[in-house]
Amino acid sequence: MATAVSTSPEYPVKRPMPPVIRGLLWAAIGFLVVNVFISYVIDPLKGNPFITQPSVVLGWTAGLIGWLLGVGGWEEIILPAFGIMNKRPVTATGWRQYFGLSLHHKVVGIQYLVSSTGGFFIAGLAAMLMRLELMSPHMWLFPDPGQYLMTVGIHGTIMMFSVGTVALVGGMGNFLIPQMIGSNSSAFPKISSISVWLVPAGILTVAFSPLLGQWTTGWRGYEPLAQNDANGILFYYLGVFALTTSSLLVSLNLTATILFKRAKGLTWNRLPMFAWGMLVVSLLNIIWLPEIQMTFVMALLDRLVPFPFFTAVGSPLTYLEIFWLFGHPEVYIIVLPALTIWMEIIPVMVRKPLFAREWGVIGVIFVMMLSGFVWAHHMFTNITLQEELPFSFFTEMISIPTGFAYMVVIGTMWRSNFKLTVPSLLVLMSMFNFLIGGLTGVFNADPVVDLQLHDTFWVVGHFHFTIIGGMVFTWLAAMYYWLPKFSGRTYNSKLGVLGAIWVFVGFDGAFSLMFLVGMEGMNRWVPIYPPYLQPLNIAISIFAFILGAGFLFNLLHIWWAMRSGKKVEQNPWKSKSLEWMATSASLDDNFKEEPLVVASFYEYDDDKPAAIIPQQEVAASLS
Amino acid sequence: MELSRSQQKVSTRPPVERELETRKAFGAFVIFLFSMSVPYFVMINVRYIMVAGFVPSTVDQTTGVIETILMVLSGLTALAASRALKGNNAKLYRTNGILTMILGGLATLMLIWEWWFHPFDPMSHYGETFLTTIGLCVFMHLVGLGVLMAANMRMKRVGITEANALGYRLNNVFWMFIVVTWVAMWLQLYFI
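Residues numbered from 1 in each chain as written. Chains lettered and ligands numbered in written order. Predicted model: local features only at pLDDT ≥ 70, side-chain atom pairs only at ≥ 80, totals over all residues.

Caption draft 1: Structural detail: the overall build of chain A. Helix and strand counts for chain A stand at 20 helices and 4 strands. The C-alpha radius of gyration computed for chain A amounts to 25 Å, which stays within 12% of the reference 25 Å derived for 623 residues, consistent with globular compactness. For chain A, the residues scored as buried account for 55% of the 623 residues in total. Put simply, of all contacts in chain A between residues at least 6 apart along the chain, 81% involve residues at least 24 apart. (Helix = DSSP H or I, 4+ residues; strand = E, 2+ residues; numbered from the N terminus. Rg over C-alpha atoms; globule rule 2.2 N^0.38 Å. Buried ≥ 20, exposed ≤ 12 C-beta atoms within 10 Å, placed from the backbone. Contact = placed C-beta atoms within 7 Å.)

Caption draft 2: Summary view of the domain arrangement of chain A. All names here are of chain A. Along its sequence, chain A is carved into domain 1 (1-90 + 97-101), domain 2 (102-567) and domain 3 (582-622). Taking only C-alpha atoms into account, the centre of domain 2 sits 34 Å from that of domain 3. Contacts between the two partners involve 24 residues from domain 2 and, on the opposite side, 19 residues from domain 3. Secondary structure elements with two or more residues in the side of domain 2 that touches domain 3: helix H3 (105-133), helix H5 (167-180) and helix H17 (483-487). Of the residues forming the side of domain 2 that touches domain 3, the biggest block, 4 residues, is contributed by H17. For the side of domain 2 that touches domain 3, the class distribution of residues is 10 nonpolar, 7 polar and 7 charged. (Domains from an automatic or database assignment. Nonpolar A, V, L, I, M, F, W, Y, C, P; charged D, E, K, R; others polar.)

Caption draft 3: Helix H8 (residues 232-260) of chain A, seen in detail. The end-to-end C-alpha distance of H8(A), which contains 29 residues, comes to 42 Å, matching closely the 42 Å that a straight helix rising 1.5 Å per residue would cover. H8(A) sits mainly inside the fold: 26 of its 29 residues count as buried. (Expected span 1.5 Å × (residues − 1).)

Caption draft 4: Examining the interface of chain A and chain B more closely. With 27 residues of chain A at the interface, the matching set in chain B holds 24 residues. Those elements giving two or more residues to the side of chain A that touches chain B turn out to be H8, helix H9 (273-304) and helix H10 (316-350) of chain A. Considering each element in turn, the side of chain A that touches chain B owes the most residues, 8 residues, to H9(A).

Caption draft 5: Layout of helix H18 (residues 493-519) of chain A. Its 27 residues give H18(A) an end-to-end C-alpha distance of 39 Å, which sits within 8% of 39 Å, the value for a rise of 1.5 Å per residue. Positive phi appears at Gly521(A), one or two residues downstream of H18(A), with a value of about 115 degrees.

Caption draft 6: Here's a closer look at the confidence of the model for chain A. Of the residues in chain A, 95% have a pLDDT of 70 or more, and the chain-wide mean is 92. In the model, residues 1-9 of chain A has pLDDT below 50 throughout and makes 19 contacts with residues more than four positions away in sequence or in other chains. (pLDDT = per-residue confidence, 0-100.)

Here it is as structure tokens:
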């Protein structure tokens, strides 16, 4: 970042160092000052040990505040809030703007995507270590089972809270939604500009949790099990708190953007399907993320004070209940955007109107509503038969609205001239995998079957087919489809098809075998297993390594395509939706004039545009 | 004070459009407040799961009543500050804002006092829900007071403009939200 000096009498700006470096420095200062104050001044043991539970929690909080202020929150948020106006803002240009606080929704979207991708590969590396360990029935890679379990926890936590919840919402949502609804910005750009910087902080907090000691609870942070763990669990709670706060802030912004920033003529009947997906997911986040955050605060107090909320003295089952009250809607928070991305891509590829669009909307809304009624199916082993039945019923019922969304895409493809491209191929793969995940979920919804399958690798196979199959494959499809929006360039078709087939083979090989190994008795959470399961585990691990390499290949291909791929026109897919009318690969305003939406975006049985720019229409008629 | 470009842009918009924008922003803020109410609902739920309707006789009812009176009064002064905006009366806004901060600050200090010197067993199920709920309230009160202080200083430096009037109003709405949540928490912790 170039040094910038303002001559404004009210606000002499002098930023001496790049925002990220300054953020790290302020975070370190904040952590050290508060930690030293707590452990040396307040603690009667006077700095022995240097890091205690209260000191690390409060020090981390100060460090996080220092980080957010350092990356730009001080100038863009705090000073203006106190009326110290920044008349000459320090604005970075070129690549530097991605390394500081930015009010541009496209920059924020890309920052989210890069952070999520980083989290994906950190968590992926943890997965590779787990699979390496499981190639032998004995402990050989990790010195003790606790370290294996901690690796499982880091993998799950980062995948769920920084990838699953973030990539399509914070990333694609911030990048695309204002363009899709005909706006030049989100409703509250400052909120997203700061929230994105919580993601790297959260990922690193969880990734470095082993510094404080082992934690063995997995991504759920189960109490009272966590009370037996060393202090690493503190960084689990704190890291997840940062990540969920980021998603909550993004959701508030996206909800307000979709509700209040739509272009003229963009009625609810014409709202893009991805915007519907973002709206319902944001509402889920707005309800359930504060709920889980308060739960984690209570778990943290159980450890710090210590309170007996979830211990044997208190009510251990309550943690499980309020965790899963959030935990199952979380699955739909991850998957619903993917379902609506299918509905965006497929009509363009088949050049047919979106089939039964209203049912697609009804489907995602009802999934949102029912998602709060199914959570106890994670606890069939802990509850009575009378309690199991309603949750079993609702779990099976939720497949109906999910099926609506599915059938909308099938109906659109029916008897069409399907254009097989990399995005459409990945959507087909995603639909196939999500179908496997959904069908195996029906078995799990049945208490009698679930009691047999509970905590086996069958369940691991099921939820990976749902989440990676549903969401990650769609994320890849979205990246290839909207690549020209990011860079004005496109991918290499042969490499794209190779990348898609590569991950499909790796993924389906690894996770379909997990169903088999699970039914043969392979338990989760245990690095040691009977020798007869070794051949299957070796096969799973080999497919998993193929999958990991496949994701890396796709990342490199997308990176190459953004920089050196073939240049394409503004709307290479001939899509009718608004984002393709907006400027691509530039940070200018999306629209010079506000567009006017005149028809549905999914009517591909004629060539009439779905939206017009009034001034351009006038100019065209005059000429 | 010279208006910034964005402020000038706002002031040239027709009144109907301005009113619409204000309502939209207010609507978005209501969504935010809804989200902020969720932790309180969680604490109410947990309290009834843990101890049902039990209220120990040692809970200091007098302090609770005084805190609640102070909070309600601070809500009224916040409302008065909000109304002062309609008349573009910056001085009245600041006066009411300072009163709000004094009343709210006193109530918060009393909350902290009660939190620190709780007259019952903190390891009981009632105690842990009481202390956690009060802690949540203290945290939100401190955020609210910080927001009020920022608004007051901003008013002193910038004054009321068409572009920033809504921000001042929302600061006061946030404080009123905190007052309402405190009254609800007071009723459930001390009586119901």
